[in-house]
Amino acid sequence: MYQNHPIIGICMVRADDERNFTMIEALSRKIHAIGGRLIIYQSTTLMSWQSKPEGGEKAVFNMVNYDYVDLMIVFSEIINDEELIDSIIQNAKAHNKPVFTIGKPKPGCTNFGFLYVDGIEKAIRHVYEEHGCRDYCFVAGPEGEATSELRVAKYREMMDEYGLTESRDRIFYGGYWSVPATEAAHEILQLDHMPKAIICANDIMAITIADILGEQGIRVPQDVIMTGLDGTVESQANVPSITTSGCDMDELADMIVSAFQKTQKSEPLEAEYLSHFSLIPSQSCGCADRTDGVHLSRFLKQNIERQNEKLFVELSFHDIYEKILGSPDVKNIPRILRSMKFVDHLEIMVNEDSLRNNVNPLIEDYRVGLDFRQRVMYQSGRDLSELPSATRLPDFSPDFDHLIGLERPIILSPLCFFSRAVGYLVYAPEVTILNYYMIMPYTNSLSEIVGSYSMVRHLEFNVTQMDHMARHDYLTDLYNRNGFYTHLPQLMKRCSTPFYAAITIDMDGLKYINDKYGHETGDLAIRYISRAVAAAVNANSICGRFGGDEFVICAALNNVHEAEQIRRSIHNYLTEHMTNTSLPCDVTVSIGTCVMDSEEFEFDAALKVSDERMYKEKSGKKNRRT
């Protein structure tokens, strides 16, 4: 319950599917009539037909906030992942929330199903009683599949009732889709005579078989009556339009709302509620009320409108795709997205990690779910100056109060890239089939944009890192020889001072430290010297590590005395900061310098002189120790 509104959560796939949309539209009207609200958690992956979702798609089902969700509805018939279904149910039960399933019963849940056999019965009765047909065959779904065999049993029951013994066992299996239905059609053509009516267990098979019969010169309905089941829009757009039966979605929605109200009063529920089918007579059985082509015209217009809208969106996304990928500043993304034409309410949330260039989104052990931290990259009506802003799960929208007030279903859809969740979308459009149709192109395009943005930024980061590694010493992060000589011309071009100096610094006694204290201590000493060298120079200098314990500086000087100041600064640093280290011994260096007039300065020649002076100083130290 949220602000006195009962909240019903729905877990499903493809809210844009025509049949699913019809169910959502009916349920939305009924739920809103009692003051309730719908939140739809949907995957765009087709989990039906054995295509299971990847981990990133599943992330959306973990976004349910049971603090205010009063009922979970799971479309168990179209989610083809039993583990996922069981997980959703277990989570709801753990929070003491009732669970309704639609299509496939699950233990401990109230199931709402469809009386598919009711549609079979009504089709046969219509053909028998209205058209006087006495000769049938039946095209079922997959052989041995439970719901398919239930429809076969109903067909046989009807044949027994009418005493049509020859038709009773004239059964073919079309698998619910076009390829096996084609095989079934050819088997029917091999019969000793063409039946007067072919009853199909769904619309796709009826459309397929009607087409094949037509190729053989067998006319529907003049030569054979054809019926389907499911009430799909394709059945009415076909030529001839297919007589079919559709689930009474209003009846189903009424049953769900009534059962939900009973849960609120702790009243007992039945284990299962079944919705009836309504017959839709059409051309394929000889009914004449659909011969004007209105449904085909409407279907074509709707599809043209959808395709045009989709094309517009894809072209627009192509434009913003290039702009976003070319804009490394995250703050520019909301401004770029604002140029896009979206539905009347849309929010785009992106994982915090998906915006970080140092995170590789494709490594195997990288998480596939959603981050706890999300960035709001776009929000309908939001001032651009306020974006991007932060939000955290499970509070999926900073504008939740506004969404609840819209009295529309709220749809959450994951953004996924290479099977990983990179964010999610929050939709709350007006409930029209076109608006819901656009969910898929929005989600797919934004998934690609966000995922590609993350990859491009990480690629740029890697290029920068590799360039840094190629030009910097791994131990001290000073320039290596390559990096030093790359930046040397830039320094000399930038600094027009009267003098330049080459300075060579070499550590005293590195071998002694390595032998007595170990190479790790030697490395610590080298890093300590690098800090002293870096601290001694300014922006008009560059410094690097050329070898094991050899450091080099090129400094632009205003006067010849500045080279000596650098020398003293290095020695002073090593003395003054020793107590802040864990080194077990003092660290000292030998330093050689060579200062030349800028017009005569040539670095390598000056470096050779500074090397000689450094070695002379080091040699003197050895003689003193001896």
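Our subject is the structure that appears above.
A. Here's a closer look at the overall build of the protein. The secondary structure content of the protein amounts to 20 helices and 21 strands. On C-alpha atoms alone, the protein measures out to a radius of gyration of 38 Å, which is more than a quarter above the 25 Å that the 2.2 N^0.38 rule sets for 626 residues. By principal-axis analysis of the C-alpha atoms, the protein measures approximately 125 × 60 × 50 Å. Within the span of the protein, comprising 626 residues, buried residues form 53% of the whole. The contacts of the protein with a sequence gap of at least 6 include a subset with a gap of at least 24, amounting to 71%. For the protein, the accessible area works out to roughly 28,400 Å², and carbon and sulfur atoms hold 49% of it. The protein carries 61 positive and 88 negative side-chain charges, and their two centres are separated by 7 Å.

B. Representation of the sheet that holds strand 19 (residues 541-545) in the model. Reading across the sheet, the four strands line up as 19-20-18-21 and stay open at both edges, with antiparallel pairing between neighbours. Either end of the sheet is taken by a strand with one partner, and the two such strands are strand 19 and strand 21 (589-597). Direction aside, neighbouring strands of the sheet carry axes that sit 15 degrees apart on average. Both strand 18 (residues 499-507) and strand 20 (residues 550-557) contribute to a ladder of eight bridges, which runs antiparallel. Considered in strand 20, the bridge of threonine 504 is made with valine 552. Running over the sheet, helix 16 (residues 481-494) touches strand 18, strand 19 and strand 20 and is turned about 170 degrees from strand 19. Packed on one face of the sheet, helix 19 (residues 562-576) meets strand 18, strand 20 and strand 21 and runs near 165 degrees to strand 21.

C. The pairing of strand 17 (residues 420-427), seen in detail. Counting buried residues in strand 17 gives eight out of eight residues, a clear majority hidden from the surface. Where strand 13 (residues 346-351) meets strand 17, five bridges bridge the pair, whose relative direction is antiparallel. If you follow methionine 349 over to strand 17, its bridge partner there is tyrosine 424. Note: strand 16 (residues 410-417) against strand 17, seven bridges, orientation antiparallel. Within strand 17, the residue paired with cysteine 416 across the bridge is alanine 421. Hairpin geometry of strand 16 and strand 17 is characterised by an intervening segment of two residues between the two adjacent antiparallel strands and by a positive phi of about 50 degrees at phenylalanine 418.

D. Structural detail: the sheet that holds strand 7 (residues 171-173). Ordered in space as 7-6-8-9, the four strands form an open sheet in which the pairing is parallel. For this open sheet the edge positions go to strand 7 and strand 9 (225-227), each flanked by a neighbour on one side alone. Averaged over neighbouring strand pairs, the angle between their axes works out to 20 degrees when direction is ignored. Sheet topology note: the strand 6 (residues 136-140)/strand 7 ladder contains three bridges and is parallel. From the neighbouring strand, phenylalanine 138 faces strand 7, where its bridge partner is isoleucine 171. Where helix 5 (residues 146-162) meets the sheet, its contacts fall on strand 6 and strand 7, and the angle it forms with strand 6 comes to roughly 170 degrees.

E. Representation of the nonpolar core. Counting 148 residues, the largest nonpolar core has Tyr41, Ile73, Tyr136, Ile198, Ile348 and Phe396 as the members making the most contacts within it. Per element, the largest residue contribution to this core is eight residues, and it comes from helix 10 (residues 249-264). Excluding anything up to four places from it in sequence, isoleucine 348 contacts Leu337, Phe342, Arg375, Val376, Met377, Tyr378, Leu415, Tyr424, Leu425 and Leu446. Listed in part, the 32 residues of the second largest apolar core include Ile505, Ile526, Ala532 and Val537.

F. Layout of the packing of aromatic side chains. Counted according to the given criterion, the structure contains 22 aromatic pairs. Their ring planes at 90 degrees and their centres at 5.2 Å tell us that phenylalanine 484 and phenylalanine 546 sit as a pair that is edge-to-face. One end of the pair, phenylalanine 484, is in helix 16; the other, phenylalanine 546, is in the loop between strand 19 and strand 20, and 62 residues separate them in sequence. Take phenylalanine 484: its relative accessible area is 0%, and that puts it in the buried class. Looking at phenylalanine 546, the relative accessible area reads 11%, which means it is buried.

G. The arrangement of the pattern of salt bridges in detail. Tallied over the entire structure, the rule returns 32 salt bridges. In this structure, aspartate 160 engages arginine 168 in a salt bridge whose closest nitrogen and oxygen atoms are separated by 2.8 Å. Under the relative-accessibility criterion, aspartate 160 is labelled partly exposed at 44%. When the shortest N-O distance is used, the salt bridge between glutamate 460 and arginine 457 registers 2.9 Å. Within this pair, glutamate 460 and its partner arginine 457 are both found in helix 15 (residues 439-471), separated by three residues, close to a single helical turn. Three or more residues are tied together by salt bridges with common partners; here these are Glu121, Arg125, Lys154, Glu157 and Glu161.

H. Fine view of the packing of helix 4 (residues 116-131) against helix 5. Across the interface, helix 4 lies against helix 5 with an axial gap of 9 Å and an inter-helix angle of 30 degrees. Classified by the angle their axes make, helix 4 and helix 5 are roughly parallel. Handedness of the helix 4/helix 5 crossing: right-handed. For the pair helix 4 and helix 5, the contacting residues are Tyr116, Val117, Ile120, Glu121, Ile124, Arg125, Tyr128 and Glu129 in the first and Leu150, Arg151, Lys154, Tyr155, Met158, Met159, Glu161 and Tyr162 in the second.

What counts, and where the lines are drawn
- Residues numbered from 1 in each chain as written.
- Predicted model: local features only at pLDDT ≥ 70, side-chain atom pairs only at ≥ 80, totals over all residues.
- Heavy atoms only, no water.
- Helix = DSSP H or I, 4+ residues; strand = E, 2+ residues; numbered from the N terminus.
- Rg over C-alpha atoms; globule rule 2.2 N^0.38 Å.
- Buried < 20%, exposed > 50% of the residue type's maximum accessible area, 1.4 Å probe, protein only.
- Contact = heavy atoms within 4.5 Å.
- Areas by Shrake-Rupley, 256 points an atom, 1.4 Å probe, with all protein chains shown as cover.
- Lys, Arg positive; Asp, Glu negative; His and termini not counted.
- Charge placed at Lys NZ, Arg CZ, Asp CG, Glu CD.
- Pairing = 2+ DSSP bridges.
- Axes fitted to C-alpha atoms, helices over the stretch in contact; angles between N-to-C directions.
- Core = buried A, V, L, I, M, F, W, Y, C linked by side-chain atoms within 4.5 Å.
- Phe/Tyr/Trp six-rings, centres within 6.5 Å; stacked < 30°, edge-to-face > 60°.
- Salt bridge = Lys/Arg side-chain N within 4 Å of Asp/Glu carboxyl O.
- Parallel < 35°, antiparallel > 145°, perpendicular 65-115°, else oblique.
- Left-handed = near helix turned anticlockwise from the far one by under 90°.

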